[in-house]
Amino acid sequence: TVAVMHPVMPYKNIAGEMRYLVTIEKVQVDNDSGSLVACHACQATADLYSFKKLDTDLFQLVSKTSPKVKFSSNYGRIQFDNSSLTQGLQPLGINLIGSVFKNSDMSFGTITQWWDVLHLPEDDYINVYHLGDAGEENGGQYDEDSPLHYDYKVSYKVQTDNSRYYPIMLTFKGDKPTEDYESIESVNHSIIKKFDPIKKEYK
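Residues numbered from 1 in each chain as written. Predicted model: local features only at pLDDT ≥ 70, side-chain atom pairs only at ≥ 80, totals over all residues. Heavy atoms only, no water.

Tallied over the full model, the rule gives one disulfide. Paired through a disulfide, Cys-39 and Cys-42 show a sulfur-sulfur distance of 2.0 Å. Judged by the torsion about the S-S bond (105°), the Cys-39/Cys-42 disulfide is right-handed. (Disulfide = S-S within 2.5 Å.)

In this section: the pattern of salt bridges. Within this structure, the stated rule accounts for eight salt bridges. Across the pair Arg-19 and Glu-122 runs a salt bridge whose closest N-O atoms are separated by 2.8 Å. Residue Arg-19 is located in strand S3 (residues 18-27), and its partner Glu-122 is located in the loop between strand S10 (110-119) and strand S11 (127-137); the two are separated by 103 residues in the primary sequence. Judged by relative accessible area, which is 5%, Arg-19 ranks as buried. (Salt bridge = Lys/Arg side-chain N within 4 Å of Asp/Glu carboxyl O. Helix = DSSP H or I, 4+ residues; strand = E, 2+ residues; numbered from the N terminus. Buried < 20%, exposed > 50% of the residue type's maximum accessible area, 1.4 Å probe, protein only.)

Mapped onto the elements of the fold, Gln-79 is located in the loop between strand S7 (77-78) and helix H1 (82-87). Judged by its relative accessible area of 15%, Gln-79 falls in the buried class. A polar contact of 2.7 Å, which involves the side chain of Gln-79, links it to the backbone oxygen of Ser-104. Ignoring any residue separated from it by four or fewer positions in sequence, one finds Gln-79 in contact with Ser-72, Ser-73, Asn-74, Phe-101, Asn-103, Ser-104 and Trp-114. (Polar contact = N/O pair within 3.5 Å; in protein donor to acceptor, adjacent residues only side chain to side chain. Contact = heavy atoms within 4.5 Å.)

Our next topic: the nonpolar core. Ranked by size, the top nonpolar core spans 19 residues in total, and within it Val-100, Trp-115, Val-117, Leu-131, Ile-168 and Tyr-202 carry the most contacts. Every element with two or more residues in this core is listed here: strand S9 (96-107), S10, S11, strand S12 (151-158) and strand S13 (168-177). What Trp-115 contacts, discounting residues up to four positions off in sequence, is Val-100, Phe-101, Lys-102, His-130, Leu-131, Gly-132, Asp-133, Ala-134, Val-154, Ser-155, Tyr-156 and Leu-170. (Core = buried A, V, L, I, M, F, W, Y, C linked by side-chain atoms within 4.5 Å.)

Moving on, we come to the packing of aromatic side chains. Overall, the coordinates contain eleven aromatic pairs when judged by the stated rule. Following the ring pairs from residue to residue traces out a cluster consisting of Tyr-129, Tyr-165, Phe-195 and Tyr-202. Sitting over the face of the ring of Tyr-152, Lys-176 holds its NZ or CZ atom 5.4 Å from the ring centroid. (Phe/Tyr/Trp six-rings, centres within 6.5 Å; stacked < 30°, edge-to-face > 60°. Lys NZ or Arg CZ within 6 Å of the ring centre and 35° of its normal.)

What follows deals with the sheet that holds S10. The seven strands are arranged S8-S9-S10-S11-S12-S13-S14 in an open sheet whose pairing can be described as antiparallel. Both edges of this open sheet fall to strand S8 (89-93) and strand S14 (184-193), since each of them pairs with a single strand only. Taken pair by pair, the neighbouring strands of this sheet meet at an average axis angle of 25°, ignoring direction. Note: S11 against S12, three bridges, orientation antiparallel. Bridge pairing links Glu-136 to Tyr-152 in S12. (Pairing = 2+ DSSP bridges. Axes fitted to C-alpha atoms, helices over the stretch in contact; angles between N-to-C directions.)

Geometric descriptors of this kind do not, in isolation, establish any biological role.
This is the structure:
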């Protein structure tokens, strides 16, 4: 196992105070060749740490990831980058800042996407949660004029309210296969995902 430090990501907490997110990715390296173990299903993980800067110019730990944190990953690397996190950074609940970011995978000509959510609390562990579908497209298998071609996208919108964890609305638009993939139908609808603090998941 090799630890790889990502660039530090500065951000502001709910109170507008500067924080610094440090990501230490843990990858597997082959003992003999020294190269990354990078098969399609090969997983990686990481430890995240949030720091604040003190008046003495020293840094104090604010929070870190739980021991059970899981990241979306493939080819031996986590799917987690500062540009995506910064773009999705926003309030996700009362006294909670975090980020909604998109991940994707391609297999047999089909691109599958999904939304993940990073919570950056200062009174609990940092964690990453699966939010839901972000779209799918099979243009690598079928031309756009094929009756078997489909392409749909899923956007999100955080619903600000008075709850500890804000609900997140997912809106589906485009041509989407049914759950059994027996047919393709046009979709334009929304669902609400709420965070369950007991089960620690969006559902």
